[in-house]
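Close look at the chain arrangement
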Amino acid sequence: MKEHNKTLGEFIIENQKSFQYSSGELSRIINAIRLAAKVVNYKVNKAGLVDIVGAAGEQNIQGEDQQKLDVYANEIFIQTLINREIVCGIASEENDDFITVRGSDNSHTNKYVVLMDPLDGSSNIDVNVSVGTIFSVYRRITPVGTPVALEDFLQPGVNQVAAGYVIYGTSTMLVYTTGHGVNGFTLNPAIGTFYLSHPNMMFPKEGIIYSINEGNYVHFPQGVKDYIKYCQLEEGDRPYTSRYIGSLVSDFHRNMIKGGIYLYPTSSKAPKGKLRLLYECNPMAFIAEQAGGKASDGFGRILEIRPTELHERVPFFCGSYAMVEKAEDFMRNAKK
Ligand code: AHG
Ligand code: MN
Ligand code: MN
């Protein structure tokens, strides 16, 4: 069988042995995410139809259909994980606090927590542009049998055992890592099956794409302003090309395939940056490093930051290794 004919289900079973603790729980979590991704995909694809169906006088459009898609995606991912009794806790962008999940027999014996951004790039939904889901998985640090605690979620990104994203784009893909490289699976919507389409994904070491919201230029730190000017200068392979979708998942995905850097720095408007460390930056940083790329807050490695809050924000520089290194040079030099 050709590698690209392999399904995600087969891939998960084949790779279970290579997980650090091979109890099958992590495989079941990935399986639950696979299922929730298909449900959300179905809903995302219907998003533009709701009004048309409604205008045609369809009777049974319930409140559910009007629900904002990020709330819907949140509920689907949470319910799928809860129903399968495989995690001890979930944290989400959409919930102020983490959720305690009991396992079978009402116990607290499950070992993993999941953190997620259920719908990333949600402002793009109404204009038919790609959105995504981001997830991150840790082994709990509190003793099994006790209720999950905040410290189980506030672990540095280096402790992640799995991370991934779903991109609801021209096709729907699930891309994830368990620390053994990055693999991408494309959904065949006709039969509802993900197939391994992008084995062993790698960031090109160099790239020519820079992705940043340049509308905030005047508010950026000097190092970022200098880096942008460097990208625009004509020399060698430059000027670079600018691409910004406004969905981290989509910008990251394109940059991983083509070579590029994504930047969301601090600004005078957002002094800590905008993106969230725990369920946006850490999972993407883990994937980036596993794909030979680099992720930084401008000065140091994202994955080594010690989180203090569930929803904390951090500046984010992520992508092709040499490009992130260059941006860090500019940050350092501007500080001198
Ligand atoms: P979310 O939809 O989960 O709130 O995330 C949006 C994030 C990220 O995906 C995107 O790259 C960034 O916000 C865009 O921010 P700006 O509109 O400020 O550029
Ligand atoms: Mn987001
Ligand atoms: Mn979101």
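Residues numbered from 1 in each chain as written. Chains lettered and ligands numbered in written order. Predicted model: local features only at pLDDT ≥ 70, side-chain atom pairs only at ≥ 80, totals over all residues. Heavy atoms only, no water.

What counts here: UniProt positions are given in the numbering used here, feature names are shortened, and annotations may be inferred rather than shown by experiment.
An unreviewed UniProt entry annotates the protein as Fructose-1,6-bisphosphatase class 1 originating from Flavobacterium restrictum. Recorded under Sequence similarities (unreviewed entry), the UniProt text for the protein is reproduced unchanged: "Belongs to the FBPase class 1 family." For the record of the protein, the UniProt heading Catalytic activity (unreviewed entry) holds the text "beta-D-fructose 1,6-bisphosphate + H2O = beta-D-fructose 6-phosphate + phosphate".

Points about the coordination of the manganese ion (ligand 3)
Cut-off, in case you're wondering: Note: metal donors comprise N, O and S atoms at 2.8 Å or less from the metal (3.2 Å for Na, K and Ca); water molecules are not included, so apparent gaps in a site are possible. Note on conventions: DSSP H or I runs of at least 4 residues are helices, E runs of at least 2 residues are strands, and numbering of each starts at the N terminus. Burial here depends on accessible area, computed with a 1.4 Å probe over protein chains only, as a share of the maximum for the residue type. Under 20% is buried, over 50% is exposed, and the range in between is partly exposed.
Protein ligation of the manganese ion (ligand 3) involves Glu 93 (OE), Asp 117 (OD) and Leu 119 (O), the donor distances falling in the range 2.1 to 2.3 Å. Read N to C, the donor residues that coordinate the manganese ion (ligand 3) are spaced as E-x23-D-x1-L. Between the manganese ion (ligand 3) and the manganese ion (ligand 2), a spacing of 3.8 Å is present, and a bridge between the two is formed by Asp 117. Of this pair, Glu 93 sits in the loop between β1 (89–92) and β2 (99–100) while Asp 117 is found in strand β3 (residues 112–120), placing the two residues 24 residues apart along the sequence. On the basis of relative accessible area, Asp 117 is assigned to the buried category, the value being 0%.

Structural notes on the sheet that holds strand β8 (residues 193–198)
Two pairing modes exist for strands in a sheet, parallel and antiparallel, and in both the strands are linked by backbone hydrogen bonds. Quick reminder of the rule: Criterion used throughout: strands pair if DSSP finds at least two bridges between them. Two residues qualify as a contact provided that any one of their heavy atoms is within 4.5 Å of a heavy atom in the partner residue. Lines fitted to C-alpha atoms define the axes here, with helix axes fitted over just the stretch in contact, and angles between the N-to-C directions of these axes take values from 0 to 180 degrees.
One open sheet accounts for eight strands, arranged β2-β1-β3-β4-β5-β6-β7-β8; its pairing is mixed. Two strands bound the open sheet, and with one partner strand each, they are β2 and β8. On the sheet, helix α2 (residues 25–46) packs against β3, β4 (131–139), β5 (162–168), β6 (172–177), β7 (182–188) and β8 and is oriented at approximately 15° with respect to β5. Across the sheet, helix α9 (residues 277–290) touches β1, β3, β4, β5, β6 and β7, and the angle it forms with β4 is around 85°.

Some remarks on the UniProt feature "binding site: Mg(2+) 1" (unreviewed entry) in the protein
In the numbering used here, UniProt assigns the feature "binding site: Mg(2+) 1" (unreviewed entry) to Glu 93, Asp 117 and Leu 119. Spanning 27 residues, the named residues nonetheless gather at one spot, since no C-alpha pair among them exceeds 8.9 Å. Those residues in contact with Glu 93 that sit more than four places away from it in its chain are Met 116, Asp 117, Pro 118, Leu 119, Tyr 279 and His 311.

Points about the state of the cysteines
This is how it is decided: For this text, the term disulfide refers to a pair of cysteine sulfurs within 2.5 Å.
Following the criterion strictly, the structure yields zero disulfides and no others. You can see Cys 281 has no disulfide; the closest cysteine sulfur is in Cys 318, sitting 8.3 Å from it. Cys 281 gets classed as buried once you look at its relative accessible area, which sits at 0%.

Structural notes on the environment of Cys 231
Relative to the assigned elements, Cys 231 resides in helix α7 (residues 222–232). Cys 231 gets classed as buried once you look at its relative accessible area, which sits at 0%. Separated by 12 residues in the primary sequence, Cys 231 and His 219 place their C-alpha atoms 18 Å from one another. With near-sequence residues (within four places) excluded, Cys 231 lies in contact with Tyr 210, Arg 238, Pro 239 and Tyr 240.

Quick look at the site of ligand 1
Under the convention used in this document: Whether a residue is near a molecule or strand is decided by its heavy atoms; if any one of them lies within 4 Å of it, the residue is near. Between N or O atoms, a polar contact is any pair within 3.5 Å; within protein, one atom must be a potential hydrogen donor and the other a potential acceptor, and residues adjacent in sequence are included only when both atoms are from side chains. Delimitation of the domains relies on an automatic or database domain assignment.
If you check the shell around ligand 1, you find 16 residues, and the closest are Asp 120, Asn 213, Tyr 244, Tyr 262 and Tyr 264. For ligand 1, an oxygen atom lies 2.8 Å from a polar atom in the backbone of Leu 248. Tyr 262 places a side-chain nitrogen or oxygen 2.7 Å from an oxygen atom of ligand 1. Residue assignment for the shell around ligand 1 shows that the elements contributing at least two residues are β3 and β11 (260–264). When residues of the shell around ligand 1 are assigned to their parent elements, the largest contribution, three residues, is made by β3. Viewed by domain, the shell around ligand 1 spans two of them, domain 1 (3–198) and domain 2 (209–335), each represented by three or more residues.

A closer look at the sheet that holds strand β13 (residues 316–319)
Strand order in the open sheet formed by five strands is β10-β9-β11-β13-β12, and the pairing between neighbours is mixed. The open sheet terminates on both sides in strands that have one partner only, identified here as β10 (241–242) and β12 (294–296). Note: β12 against β13, three bridges, orientation antiparallel. Note on β13: the bridge partner recorded for Ala 295 is Cys 318.

Digging into the UniProt feature "binding site: substrate" (unreviewed entry) in the protein
In the numbering adopted here, UniProt assigns the feature "binding site: substrate" (unreviewed entry) to Asp 120, Gly 121, Ser 122, Ser 123, Asn 213, Tyr 244, Tyr 262, Leu 263, Tyr 264 and Lys 274. As for its placement among the helices and strands, Ser 123 is situated in the loop between β3 and β4. We classify Ser 123 as exposed; its relative accessible area is 61%. Note that Asn 213 resides in the loop between β9 (209–211) and α7. Only 3.0 Å separates the side chain of Asn 213 from the backbone nitrogen of Gly 215, close enough to count as a polar contact.

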